[in-house]
Amino acid sequence: MTTTTEAPPPAAAPEDAPEVRGRATRKRLVPYWLLLPGILWLVVFFAAPLVYQASTSVQTGSLEEGFEVTWHFATYWDALGEYWPQFLRSVGYAATATVLCLVLGYPLAYLIAFKAGRWRNVVMILVIAPFFTSFLIRTLAWKTILADGGPVVGVLNSLHVLDVTSWLGLTEGQRLLATPLAVVCGLTYNFLPFMVLPLYTSLERIDPRLHEAAGDLYARPATTFRRVTFPLSMPGVVAGTLLTFIPAAGDYINAELLGSTDQKMIGNVIQSQFLRVLDYPTAAALSFILMAAILAMVTLYIRKSGTEDLV
């Protein structure tokens, strides 16, 4: 009995070997060439400014005499010691707005994903429609809505709601503008779409048959939501909270237009140090402290939520 074996493929001719190696090398380099534009963009518009800001934060001097890198790291400690109330206020406002966005956005995203039907696209357009208007104009609109002589204040006064919010420290007297509640309302409105869109994307991927299976197992709607829907939507919850909290913590427009000096956030301080006081080292140090604080909080949040592999 004889066995047959396949003949090995013919070896490349010696004169063809360099060409074959060249094609293989070019094939391996294709992914890096595709990444090159994005890498250049990050280097020019992120890494380089970050390095420049880092060098600015350790400089000393004045605008008249000029600034010089002296490795004065005490600027960080001095900035944190002087402006820590604004840091805590920014975190508090951003966290409150994030929770409100989640409470308001989750039912809306659930409605769009499972109940909207043929109206789904219309509702989605309504969610993203505010993006077609300037952030500044949207915030100014809230200044008009919450004006002292406006209907909102009149209705809340007649219902004695402002008495309760004033007792809680959210408002002052019989007005809404220049209060913490006004700033939080502005942040919630402006960043609500950043919460709704990730939630909708996560909920839309859930197989409806899982809900049917839960019903077949005699699970109540509340149990189905708690044991099936919400756990499967956690990637959207994590992404939405991050997309809302991070920009809200550094925002300064809402506090500037809807708040007073008592509601200034750290973004207002940085903006003032850069453009009014012209204390560039302090402004740069505050920026790095804010970035480091947000990075630490985000890392801790992701670890605690157990979604490192989901985001």
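Residues numbered from 1 in each chain as written. Predicted model: local features only at pLDDT ≥ 70, side-chain atom pairs only at ≥ 80, totals over all residues. Heavy atoms only, no water.

1. Considerations on the environment of Asn190
Here comes step 1: Within the fold, Asn190 resides in helix H7 (residues 180-204).
Here comes step 2: Taking the C-alpha atoms as reference, Asn190 lies 36 Å from Ala74; in sequence the two are 116 residues apart.
Here comes step 3: Every residue in contact with Asn190, bar those within four places of it in the chain, is listed here: Phe135, Arg138, Thr139 and Asn254.
Here comes step 4: Within the structure, Asn190 has its side chain in polar contact with the side chain of Thr139 (distance 3.3 Å). (Helix = DSSP H or I, 4+ residues; strand = E, 2+ residues; numbered from the N terminus. Contact = heavy atoms within 4.5 Å. Polar contact = N/O pair within 3.5 Å; in protein donor to acceptor, adjacent residues only side chain to side chain.)

2. What about the packing of helix H8 (residues 208-216) against helix H9 (residues 221-232)?
Here comes step 1: H9 packs onto H8 with a crossing angle of 160° between their chain directions and a minimal axis gap of 10 Å. Between H8 and H9, the crossing angle belongs to the class labelled roughly antiparallel. Remark: the crossing between H8 and H9 carries right-handed chirality. Mapping the contact onto sequence places Leu210, His211 and Ala214 in H8 and Thr224, Val228, Thr229 and Leu232 in H9.
Here comes step 2: Residue classes in the contact of H8 with H9 are distributed as four nonpolar, three polar and no charged. (Axes fitted to C-alpha atoms, helices over the stretch in contact; angles between N-to-C directions. Parallel < 35°, antiparallel > 145°, perpendicular 65-115°, else oblique. Left-handed = near helix turned anticlockwise from the far one by under 90°. Nonpolar A, V, L, I, M, F, W, Y, C, P; charged D, E, K, R; others polar.)

3. Focus: a nonpolar patch on the surface
Here comes step 1: A surface patch of nonpolar side chains, amounting to about 860 Å² of accessible area, comprises Leu35, Ile39, Trp41, Leu42, Val43, Val44, Phe45 and Phe46.
Here comes step 2: Relative to the helices and strands, Val43 is located in helix H1 (residues 17-57). (Patch = residues over 30% accessible without salt bridge, like charges linked within 9 Å, V, L, I, M, F, W, Y side chains within 5 Å. Areas by Shrake-Rupley, 256 points an atom, 1.4 Å probe, with all protein chains shown as cover. Salt bridge = Lys/Arg side-chain N within 4 Å of Asp/Glu carboxyl O.)

4. Concerning the pattern of salt bridges
Here comes step 1: Summed over all chains, the structure comprises four salt bridges.
Here comes step 2: A salt bridge links Arg209 to Asp207; the shortest N-O distance between them is 2.7 Å.
Here comes step 3: Note on Asp207: relative accessible area 27%, which makes it partly exposed.
Here comes step 4: For the salt bridge of Glu256 with Lys264, the shortest nitrogen-to-oxygen distance reads 3.1 Å.
Here comes step 5: Sharing partners across several salt bridges, the network here consists of Glu256, Lys264 and Arg276. (Buried < 20%, exposed > 50% of the residue type's maximum accessible area, 1.4 Å probe, protein only.)

5. Concerning the packing of aromatic side chains
Here comes step 1: Summed over the entire model, instances satisfying the criterion amount to 12 aromatic pairs.
Here comes step 2: Taken together, a centroid distance of 5.3 Å and an interplanar angle of 75° make the contact between Phe131 and Phe194 edge-to-face. Of this pair, Phe131 sits in the loop between helix H3 (120-128) and helix H4 (135-145) while Phe194 sits in helix H7, and the two are 63 residues apart along the sequence.
Here comes step 3: A residue is classified by how much of its surface remains accessible, and Phe194, at 31% relative accessible area, is partly exposed.
Here comes step 4: Following the ring pairs from residue to residue traces out a cluster consisting of Phe131, Phe135, Phe191 and Phe194. (Phe/Tyr/Trp six-rings, centres within 6.5 Å; stacked < 30°, edge-to-face > 60°.)

6. What to know about the nonpolar core
Here comes step 1: Counting residues in each nonpolar core, the largest one holds 41 residues, and the members touching the most others are Leu187, Ile266 and Leu286.
Here comes step 2: Excluding its chain neighbours within four sequence positions, the residues that come into contact with Ile266 are Tyr83, Gln86, Phe87, Ser90, Ala249, Leu286 and Leu290. (Core = buried A, V, L, I, M, F, W, Y, C linked by side-chain atoms within 4.5 Å.)

7. Observations concerning the pairing of strand E1 (residues 59-62)
A regular strand carries its side chains on alternate faces of the sheet.
Here comes step 1: In this structure, E1 lies alongside strand E2 (residues 66-69), joined through four bridges in antiparallel fashion. For Thr60, the partnering residue across the bridge sits in E2 and is Glu68. (Pairing = 2+ DSSP bridges.)

8. Focus: the side chain of Lys264
Here comes step 1: Residue position: Lys264 is located in the loop between helix H11 (253-258) and helix H12 (266-277).
Here comes step 2: For Lys264, the side chain forms a polar contact with the side chain of Glu256, separated by 3.1 Å.
Here comes step 3: Ignoring any residue separated from it by four or fewer positions in sequence, one finds Lys264 in contact with Gln86, Arg89, Ala255 and Glu256.

9. Looking at the environment of Ala255
Here comes step 1: Among the structural elements, Ala255 can be located in helix H11.
Here comes step 2: Look at Ala255 and you get buried, because its relative accessible area is 0%.
Here comes step 3: Put simply, Ala255 and Thr139 are 116 residues apart on the chain and 9.9 Å apart in space, counted from C-alpha to C-alpha.
Here comes step 4: Residues within four places of Ala255 in sequence aside, it is in contact with Val183, Ser260, Gln263, Lys264, Met265 and Asn268.

10. Points about the packing of helix H2 (residues 74-115) against H7
Any two packed helices are characterised by the angle at which their axes cross and by the distance between the axes.
Here comes step 1: Here H2 crosses H7 at 40°, and the two axes come no closer than 6 Å. By the criterion of interaxial angle, the relationship of H2 to H7 is oblique. Relative to H7, H2 is oriented so that their crossing is right-handed.
Here comes step 2: Looking at the contact of H2 with H7, its residues break down into 24 nonpolar, four polar and one charged.

11. So, the state of the cysteines
By definition, a disulfide links the sulfur atoms of two cysteines through a covalent bond.
Here comes step 1: Inspection of every chain in the model, using the stated rule, returns zero disulfides.
Here comes step 2: Cysteine Cys101 is unpaired, with the sulfur of Cys185 as its nearest cysteine sulfur at 11 Å.
Here comes step 3: Assessed through its relative accessible area of 25%, Cys185 is described here as partly exposed. (Disulfide = S-S within 2.5 Å.)

12. Some points on unusual backbone geometry
Here comes step 1: Here Ala178, not a glycine, exhibits a phi torsion of approximately 60°, which is positive.
Here comes step 2: Structurally, Ala178 can be placed in the loop between helix H6 (161-168) and H7.
Here comes step 3: Phi at Tyr218 is positive, roughly 65°, even though this residue is not glycine.
Here comes step 4: Mapped onto the elements, Tyr218 comes out in the loop between H8 and H9.

By themselves, these are just geometric observations and shouldn't be taken as functional.
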